[in-house]
Amino acid sequence: MKKTYVYSTVIIILIWIILASLLDNAIILPSVYDVIKSMIKIVIDNEFYHIIFVSIIRTLVAVGISFLISIVIATVSFFNSIFEDFFHIIYVILKTIPTIAIMIICLLWFGREGSVIAIVFLVVFPIMYSNILYAYKHIDRSLILNTKTYEDEFIIKLTRIYLPLIRSNLFESMKSTLSLGFKVTVMSELLSQVTNGIGKELYFAKINLLMSDIFAWTVIMVIISLTFDYILGLLIRSFSNE
């Protein structure tokens, strides 16, 4: 970890301690001590790992589906300009619809449990699609011309030439959207009032004015998101060194 990150973290905590002392109101801003106590209470609870497991699985399923479909549609768009022009309208619509509208529509269509994955997919998909299509369009032209000399089937060219050339971009796209997907998952869980998940715990803390629990779950979410980024960062570096 860079020293700058450590310094900035320490400064943020110091500002938090000072503001909490000045306000002296646990409902507005709980103290660091209260939040740590809440975190310990949450972590030692028997349901803790099941709660975060459910939210993480929802995120991975939704982002994974989005990733696969994005690759397919971006590939078709890259090789077929007519399809790209046709799909561009759908892409623009998905990109511009407010997230809250997507949440309400999906909640009415898919119910409480099913809406979470649908919401994350619809929010993440446009970002992944545009990133992958951008990567395709910025492949070195000389490499593309060389592929035309091969008589292999298209699927072989795709899997052995094109996809390996944008491999790092694929992982970067996953990295940039996974944390976003996780945040949207929790928001969707809260709005949908699912039976289990981090969103449900935040909703319970909100209606009971347990601000220290809200901050504790927020810190836990930040740790999970940073873990996602760290693991994908390692994968990106390992593939780039091959």
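Chemist: Mind showing me how you'd approach the overall build of the chain here?
Modeler: Broken down by element type, the chain carries ten helices and zero strands. Element order for the chain, N to C, with α for helix and β for strand: α-α-α-α-α-α-α-α-α-α. Residues classed as buried in the chain amount to 37% of the 242 residues present. Across the chain, contacts joining residues at least 24 apart in sequence account for 74% of those joining residues at least 6 apart. A total of about 14,500 Å² of accessible surface is found on the chain, and carbon and sulfur atoms cover 69% of it. The average position of the 18 basic charges and that of the 17 acidic charges among the side chains of the chain differ by 4 Å.

Chemist: Looking at this structure, how should I read the packing of helix α4 (residues 81-96) against helix α5 (residues 99-137)?
Modeler: The angle between the axes and the distance between the axes are what describe a pair of packed helices. Where α4 contacts α5, the axes come no closer than 10 Å and their chain directions differ by 130 degrees. The pairing of α4 with α5 is recorded here as oblique in orientation. Here α4 and α5 pass one another in a crossing that is left-handed. Between α4 and α5, the contacting residues are E84, F87, Y91, L94 and K95 on the first element and I102, L122, F125, P126, Y129, S130, L133 and K137 on the second. Residue classes in the contact of α4 with α5 are distributed as nine nonpolar, one polar and three charged.

Chemist: Sorry if this is basic, but what is going on with the pattern of salt bridges here?
Modeler: Where charged atoms from two side chains of opposite charge approach closely, those side chains can pair. Summed over the entire model, instances satisfying the criterion amount to three salt bridges. Here E189 ties to R58 by a salt bridge, and the two come within 2.7 Å at their closest N and O atoms. With E189 in helix α8 (residues 167-192) and R58 in helix α3 (residues 48-79), the pair connects residues that are 131 residues apart, well separated along the chain. Judged by relative accessible area, which is 0%, E189 ranks as buried. For R58, a relative accessible area of 11% translates into the label buried. Between E84 and K137 there is a salt bridge, and its shortest N-O distance comes to 2.5 Å. A residue pair is termed long-range when its members are at least 10 positions apart, and E84 in helix α4 and K137 in helix α5 qualify at 53 residues. Overall, the relative accessible area of 17% leaves E84 in the buried class.

Chemist: Just to check I follow, could you spell out the packing of aromatic side chains for this structure?
Modeler: Geometry of an aromatic ring pair is reported as the spacing of the ring centres plus the angle between the planes. Scanning the entire structure with this criterion turns up 15 aromatic pairs. Centre to centre, the rings of F78 and Y136 are 5.0 Å apart; their planes meet at 10 degrees, and the pair counts as stacked. With F78 in helix α3 and Y136 in helix α5, this pair connects stretches of sequence that are 58 residues apart. Measuring from ring centre to ring centre gives 6.0 Å for F125 and Y129, while their planes differ by 25 degrees; the resulting arrangement is stacked. One end of the pair, F125, and the other, Y129, are both in helix α5, four residues apart, so they sit about a helical turn from each other. In this structure F125 comes out as buried when scored by relative accessible area, which is 3%. A relative accessible area of 3% places Y129 in the buried class. One aromatic cluster in this structure is built from F83, F86, F87, Y91, F121, F125 and Y129.

Chemist: Explain the side chain of D213 to me, please; I cannot follow it from the model alone.
Modeler: Note on placement: D213 falls in helix α10 (residues 211-240). In terms of polar contacts, D213 uses its side chain to reach the side chain of S38, at 3.0 Å. Excluding its chain neighbours within four sequence positions, the residues that come into contact with D213 are S38, K41, I42 and A205.

Chemist: What should I look at first to understand unusual backbone geometry in this one?
Modeler: Leave glycine aside and you will find that most residues have negative phi; peptide bonds, for their part, are mostly trans. With a phi close to 55 degrees, Q193 is a non-glycine residue in the positive phi region. Mapped onto the secondary structure, Q193 falls in the loop between α8 and α9 (198-207). Given a relative accessible area of 37%, Q193 falls into the partly exposed group. Despite not being glycine, L209 has its phi angle at roughly 55 degrees, a positive value. Mapped onto the elements, L209 comes out in the loop between α9 and α10.

Chemist: Explanation requested: the environment of K175 in the structure shown.
Modeler: For K175, the location among the structural elements is in helix α8. Separated by 58 residues in the primary sequence, K175 and G233 place their C-alpha atoms 7.6 Å from one another.

Thresholds, definitions, all that
Residues numbered from 1 in each chain as written. Predicted model: local features only at pLDDT ≥ 70, side-chain atom pairs only at ≥ 80, totals over all residues. Heavy atoms only, no water. Helix = DSSP H or I, 4+ residues; strand = E, 2+ residues; numbered from the N terminus. Buried < 20%, exposed > 50% of the residue type's maximum accessible area, 1.4 Å probe, protein only. Contact = heavy atoms within 4.5 Å. Areas by Shrake-Rupley, 256 points an atom, 1.4 Å probe, with all protein chains shown as cover. Lys, Arg positive; Asp, Glu negative; His and termini not counted. Charge placed at Lys NZ, Arg CZ, Asp CG, Glu CD. Axes fitted to C-alpha atoms, helices over the stretch in contact; angles between N-to-C directions. Parallel < 35°, antiparallel > 145°, perpendicular 65-115°, else oblique. Left-handed = near helix turned anticlockwise from the far one by under 90°. Nonpolar A, V, L, I, M, F, W, Y, C, P; charged D, E, K, R; others polar. Salt bridge = Lys/Arg side-chain N within 4 Å of Asp/Glu carboxyl O. Phe/Tyr/Trp six-rings, centres within 6.5 Å; stacked < 30°, edge-to-face > 60°. Polar contact = N/O pair within 3.5 Å; in protein donor to acceptor, adjacent residues only side chain to side chain.

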